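Chain by chain, the residues run as shown.
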Amino acid sequence: MDKSKSKSTEVDAEQRLPAKREQAVPAVVDVDADETDDDDDADSSDDGVLSDVSPATDEELDQIAASLAGAKLPRSAPEGTRALAVRDPMAAYMSEVRRYPLLTREEEHDLAVEWVENGNKEAAKRLVTSNLRLVVKIANEYRRGYQNLLDLVQEGNVGLMKAVQKFDPYRGVKLSTYSGWWIRAYVLKHILNNWRLVKIGTTQNQRKLFFNLRKQRDALIRAGVDPTAENIAKELDVSTEEVVEMQKRMAAPDASLNAPLGSGGDEGNARTRMDTLEDDAGGPEDQVSGDQFKRLLHDKLRTFGATLSGREAEIFTDRLVADEPVTLQDLGERWGVSRERARQVEKRMVLRLREFLQEELGDAVQIALGQD
C-alpha cells in the first residue's frame, strides 16, 4: 500500500512540475594513471559526491592550444595550395568556442528553469554552448590515452547535451559540475570502444578492469604486495578469471583473420586463421529442410490464429507473432483488467497452441517451441 501511495505521489508531482526530475549521474570510472596528463584532475570521486568543476577560462584554453602546438611554428602547407600553413581543425574549434561567453550562476539557473519548465530550445542551446569550454578542458585530460583530441571533444559534447537534458536546476548544483560526470562518462566510453579494432570490454567488470587494471597493479607494487591476479581481483571485487582474461586481452595485439599462418611458402596459397575456424552452419540439405519447416510452421500458426477470437486473438496477433509485441500491462489497460489476468489469458491460449502444434507436427513441435 505504501508503494502504491508513493508511486501516485510521484506521478502527481510529475504532472504538477515537469522540472522535478531525477538528477541522474552516470557511473564514471577512472582512466589508467598512465593514460592521463594529470592524475589528480582525471580521477573521479567514487563516493558519488559532485566535486566543483568549472569551464576553461581563456588562459586555460591558451595553455591547451600551446600544448597541442608543441610550441612550434605552424607547418607550411603543401605546394600548389593557396594556404600559408596546414589548417588545424582543433585550433579552429577552440577559436570558435571562445565566441560563447560563460554564464553567471543566476543566468545559468534562469536558462535551466526556462528549458525544463517551458522546453525553450534557445535556452538549452545557450546552456550547451556556454559549457563547450568545459568539454575541451576535460577531453584534454585524456589526450595521452587517445591521440585524437577532436574525437574526444565530440563525444564529450554528446555527454554535455545529455547532461543539459537531465539537469535539475532546483538541486543547487552548477551545471558545469553536474555535466562533468556525463562528459567524462562519454569520453571514457569512446576510449574503451576504440582502444582496439575489436572491443575488449563489454561487461561492467571488464570495463572496470580496462580502466583500473594497471593502476591497481602499480598500487600493489608500491605497497610491497605481489600483484598477482588473485590480489588484483580481491582489490577490484571481480573474479580471478576475469582479471586473467583481461590481462590476456590487453597484452595481445590485434590479429587479422586473413593473416597467413607461419612464414615461407607461396603467400597466395598460404593458410590463414580463417581457414582454421570451424563452420557450424549446416549443409544445403539442412538449410532446405529448415526453410520448409519454417513455411510449414507459419501455415500452422496462421491456421490456429483463424480459430481464435476476442482477447485470445489480440494476444496472438499483438503479442506472440508481432514484430514489436505489446506488454501484458498494455493489454491489461486495454481490457480494463489487471496484468495478472492478461497473463492468465495468454497462458491458456499458449497451452491450446501447444496442443494444436503437437497434433499437427508431432515431435517437431519441440523444435517449434525452442525446446530440446
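A few words now on the overall build of the chain. Each helix and strand in the chain was counted, giving 18 helices and 0 strands. Buried residues in the chain amount to 31% of all 372 residues. Intrachain contacts of the chain at a sequence separation of at least 6 include 65% that bridge at least 24 residues. For the chain, the exposed area adds up to about 23,600 Å²; of that, 49% sits on carbon and sulfur atoms.

Their axes nearest at 10 Å, the elements helix α15 (residues 310-320) and helix α17 (residues 339-361) cross at an angle of 85 degrees. One element, α15, and the other, α17, form an angle in the roughly perpendicular class. Contacts between α15 and α17 involve Arg311, Glu312, Ile315, Phe316, Arg319 and Leu320 from the former and Arg341, Ala342, Val345, Glu346, Arg348, Met349, Val350 and Arg352 from the latter. Its residues placed into classes, the contact of α15 with α17 shows 7 nonpolar, no polar and 7 charged.

Together, Leu257, Met274 and Leu277 line one region of the surface with nonpolar side chains, adding up to about 270 Å² of accessible area. With respect to the element layout, Leu277 can be found in the loop between α13 (273-276) and α14 (284-306).

Looking now at the confidence of the model for the chain. When the pLDDT values of the chain are averaged, the result is 76; 73% of them are 70 or greater. Ranking the helices and strands of the chain by mean pLDDT puts helix α6 (residues 121-129) first, with 94, and helix α2 (residues 39-42) last, with 36. pLDDT under 50 marks residues 1-22. Its contacts with residues more than four places away, or in other chains, come to 18 contacts. For the stretch residues 28-49, pLDDT sits under 50, and the model shows 50 contacts to residues farther than four places along the chain or on other chains.

Turning our attention to the environment of Lys162. With respect to the helices, strands and loops of the structure, Lys162 is situated in helix α8 (residues 149-166). By relative accessible area, which is 26% here, Lys162 ends up partly exposed. The sequence separation of Lys162 and Trp182 amounts to 20 residues, and the corresponding C-alpha distance is 7.1 Å. Sequence-distant contacts of Lys162, that is, excluding residues within four places in its chain, are made with Trp182 and Tyr186.

The final tally for this structure, using the stated rule, is 3 aromatic pairs. The interplanar angle of 40 degrees and the centroid separation of 5.8 Å between the aromatic rings of Phe167 and Tyr178 together place this pair among those described as tilted. Taken as a pair, Phe167 in the loop between α8 and α9 (175-193) and Tyr178 in helix α9 lie far apart in primary sequence, 11 residues in all. Judged by relative accessible area, Phe167 falls into the buried class, the value being 3%. Ring centres 5.4 Å apart and planes at 40 degrees place the aromatic pair Phe304 and Phe356 in the tilted group. With a gap of 52 residues between them, Phe304 in helix α14 and Phe356 in helix α17 connect regions that are remote in the sequence. Exposure remark for Phe356: the relative accessible area of 16% places this residue in the buried category. Feature note: the residues Phe304, Phe316 and Phe356 constitute an aromatic cluster, connected by ring pairs. The ring centre of Tyr100 lies 5.8 Å from the NZ or CZ of Arg99, which sits over that ring.

Take the pattern of salt bridges next. Applying the stated rule across the entire model yields 13 salt bridges. In this structure, Asp168 and Arg171 form a salt bridge, with 3.6 Å as the shortest nitrogen-oxygen distance. For Asp168, a relative accessible area of 1% puts it in the buried group. A salt bridge links Arg319 to Glu346, with the nearest nitrogen and oxygen atoms 2.3 Å apart. Taken together, the residues span a long stretch of sequence, with Arg319 in helix α15 and Glu346 in helix α17 at a distance of 27 residues.

When we look at burial in α15, the residues that qualify are Glu312, Ile315 and Phe316. In an axial view of α15, the angular spread of the buried residues amounts to 95 degrees, which keeps them on one side of the axis.

Every buried residue of helix α4 (residues 89-97) is accounted for by Met90, Met94 and Val97. What you see down the axis of α4 is that its buried residues fit within an arc of 55 degrees, all on one side.

Let us look at the side chain of Asn131. The residue Asn131 is located in the loop between α6 and α7 (132-141) in this model. Side-chain polar atoms of Asn131 contact the side chain of Ser130, separated by 3.3 Å. With sequence-adjacent residues up to four places away left out, Asn131 is seen in contact with Pro55, Leu160, Leu175 and Ser176.

This paragraph deals with the packing of α7 against α8. As a packed pair, α7 and α8 sit with axes 9 Å apart at the nearest point and diverge in direction by 130 degrees. Taken together, the axis directions place α7 and α8 in an arrangement best described as oblique. As α7 runs across α8, the sense of the crossing is right-handed. Residue-level contacts link Leu132, Val135, Val136, Ala139 and Asn140 of α7 to Leu149, Leu152, Val153, Gly156, Asn157 and Leu160 of α8.

Definitions and limits used
- Residues numbered from 1 in each chain as written.
- Predicted model: local features only at pLDDT ≥ 70, side-chain atom pairs only at ≥ 80, totals over all residues.
- Heavy atoms only, no water.
- Helix = DSSP H or I, 4+ residues; strand = E, 2+ residues; numbered from the N terminus.
- Buried < 20%, exposed > 50% of the residue type's maximum accessible area, 1.4 Å probe, protein only.
- Contact = heavy atoms within 4.5 Å.
- Areas by Shrake-Rupley, 256 points an atom, 1.4 Å probe, with all protein chains shown as cover.
- Axes fitted to C-alpha atoms, helices over the stretch in contact; angles between N-to-C directions.
- Parallel < 35°, antiparallel > 145°, perpendicular 65-115°, else oblique.
- Nonpolar A, V, L, I, M, F, W, Y, C, P; charged D, E, K, R; others polar.
- Patch = residues over 30% accessible without salt bridge, like charges linked within 9 Å, V, L, I, M, F, W, Y side chains within 5 Å.
- Salt bridge = Lys/Arg side-chain N within 4 Å of Asp/Glu carboxyl O.
- pLDDT = per-residue confidence, 0-100.
- Phe/Tyr/Trp six-rings, centres within 6.5 Å; stacked < 30°, edge-to-face > 60°.
- Lys NZ or Arg CZ within 6 Å of the ring centre and 35° of its normal.
- Arc of directions from axis to C-beta.
- Polar contact = N/O pair within 3.5 Å; in protein donor to acceptor, adjacent residues only side chain to side chain.
- Left-handed = near helix turned anticlockwise from the far one by under 90°.

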